[in-house]
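# Structure at a glance
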Amino acid sequence: MNNEDRNKIRSTRVDAQHRRRNKLIRNWIIGILGVICVAAVGVGLYARHLYSTAEQAANKAYDQENAVKTTYGEFNGKKPFAVLLLGTDTGALDRTDKMGNTDTLIIVVVNPKKKGYTMYSIPRDTMADMVGDDSGDVAKINSAYARGGAKMTMQTVSDLLNVPVKYYALVNMGGLMKLVNYVGGIYVTPPLTFTYSGFPFKKGVKQHLNGQAALAYSRMRYDDPKGDYGRQLRQREVITKLVSKLATTASLKNFTKIADNLSSNVKTNLSFQVLKSILANYSNCTSNASSDYLQGYSAYIDDAAYQIAPTSELQRLSSKIRKELGLKTATVSNRETELNKLNEANGFDFTSGQTQTYKIYSSSTTVNEVKEKKDSKSSSKKTAASSSAAAQSGTGTSAGTYSYSNSNNSAYSISSYDTNPFSSGGY
């Protein structure tokens, strides 16, 4: 073989390496994980002089307390995996709490067979049993992180939907805002017209958002007729657009800033070694993005507004996530489904469009006890109504006789509240 032929072969190999390198750089964000941690890893693998910076950033963000031992081949590029994405209401808007509430909860399933990822949102006001708290009390699911950190949040979400949740990645508001700025902003198309924090958004008009505007766009819920569900939709849009923007070579110029931002505003129990495996084996999983969410019903628990997920909805989302993870369908049976049975026995109607009152019963309460108590109350009300009618018609049975007529003919009715359960509190 002459030198000319050798040079041609060498040139072909170099070109192929460059093509592979460029493809990998374009896909250095693996699904939603790119928003959180993988960004700090991707460039490090292909730009050796930044490798140390990437490793330091990932190690600083690493949560050793909630470390998980991975099994051989778990991230081999063939198996799907799930990560719980959490967004806290801290780090911006003068909020200095170290923990805060996780007002964004999204289970992200990365699926190599689909060459994509799916985001499953859980409303912040969803009623959930706080797993790890022996009191048996329920609370809004967004408070799990403030109560028991990442461990309680993962356990609570896992128990709610009967799906395995081992890994998480958390970013605060300040981190999201800076990350959008570092990639040069993102483009969105608002589904409705509104103004929030001084930033105007017009329905159907594509517009460029910097970090502050993106934060405002993803936070508003008061003026959205869909409440928190509408906000979840906008949050998923911001995340998807951010993933796409991070997957471009243009964002690499701010790698050091991105890495520093991630290490300061992110926590995850995915180690640097795991992130490298994900990057190497799941680089094609940014091709498709889809989403779903847990649909609840408005209700009041002790005068506080909640979203109550009916058992059928818990089962629907559980089955869908388990199928994506390659797991068999399993029946969801937990504190929430037990309370649903008891409340339905007491007359709670999940098909009603009205905001109802939802009662928290002790774990020892049975459906028969609830029904008997309800029947007893109903019987007492009927007796009281009969006595009242008899008294108003003058048919009293006391020793003395009396005559009484009701001159007030006004009709009174107690209207059920059709209240937006997201009208107060939180991020």
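First, a word on scope: everything that follows refers to the structure included in this document. Keep in mind that what you see is a predicted model, and the values were worked out from it rather than measured. (Residues numbered from 1 in each chain as written. Predicted model: local features only at pLDDT ≥ 70, side-chain atom pairs only at ≥ 80, totals over all residues. Heavy atoms only, no water.)

This next bit is on the packing of helix α3 (residues 51-61) against helix α9 (residues 272-281). Contact geometry of α3 with α9 gives a least axis separation of 9 Å together with a crossing angle of 120 degrees. On the basis of the axis angle, α3 is oblique to α9. Residues Tyr51, Ala54, Glu55, Ala58 and Asn59 of α3 form the contact with α9, whose own contacting residues are Phe272, Leu275 and Lys276. (Axes fitted to C-alpha atoms, helices over the stretch in contact; angles between N-to-C directions. Helix = DSSP H or I, 4+ residues; strand = E, 2+ residues; numbered from the N terminus. Parallel < 35°, antiparallel > 145°, perpendicular 65-115°, else oblique. Contact = heavy atoms within 4.5 Å.)

This part takes up unusual backbone geometry. In this structure, Asp302 is a non-glycine residue whose phi angle is positive, near 50 degrees. Relative to the helices and strands, Asp302 is located in the loop between β13 (297-301) and β14 (304-308). At Asp303, a residue that is not glycine, the phi angle is positive and equals roughly 70 degrees.

This part is about the pattern of salt bridges. Tallied over the full model, the rule gives 11 salt bridges. Lys166 is the partner of Glu74 in a salt bridge, and the nearest nitrogen-oxygen pair spans 3.0 Å. A residue pair is termed long-range when its members are at least 10 positions apart, and Glu74 in the loop between α3 and β1 (81-88) and Lys166 in the loop between α4 (144-161) and β6 (168-172) qualify at 92 residues. What makes Glu74 buried here is its relative accessible area of 11%. By relative accessible area, Lys166 is classed as partly exposed at 37%. A salt bridge links Arg234 to Asp224; the shortest N-O distance between them is 3.0 Å. Note that Arg234 is positioned in helix α7 (residues 228-246) and Asp224 in the loop between α6 (211-219) and α7, a separation of 10 residues in sequence. (Salt bridge = Lys/Arg side-chain N within 4 Å of Asp/Glu carboxyl O. Buried < 20%, exposed > 50% of the residue type's maximum accessible area, 1.4 Å probe, protein only.)

Moving on: the sheet that holds β6. Sheets are built from strands paired through backbone hydrogen bonds, the pairs being either parallel or antiparallel. Taking strand neighbours across the sheet as the criterion, the 6 strands line up as β11-β6-β1-β2-β3-β12 in an open arrangement whose pairing is mixed. Where the open sheet ends on each side, the last strands, each with one partner, are β11 (266-268) and β12 (288-293). Between one strand and the next, the sheet's axes are offset by a mean angle of 20 degrees, whatever the strand orientation. Looking at chain direction, strand β2 (residues 102-111) and strand β3 (residues 116-121) are connected through 6 bridges and run antiparallel. Paired with Ile106 across the bridge in β3 is Ser121. The sheet contacts of helix α5 (residues 173-182) involve β1 and β6, and relative to β6 the element is tilted by about 80 degrees. (Pairing = 2+ DSSP bridges.)

Relative to β14, β13 runs antiparallel, the two being bridged by 5 bridges. Directly across from Ala299, in β14, lies its bridge partner Tyr306. Count of turn residues in the β13/β14 antiparallel hairpin: 2 residues, of which Asp302 carries a positive phi of about 50 degrees. In this structure, β13 lies alongside strand β15 (residues 356-357), joined through 2 bridges in parallel fashion. Bridge pairing in β15 links Tyr300 to Thr357.

Remember, this is a structural readout, not a statement about activity or role.
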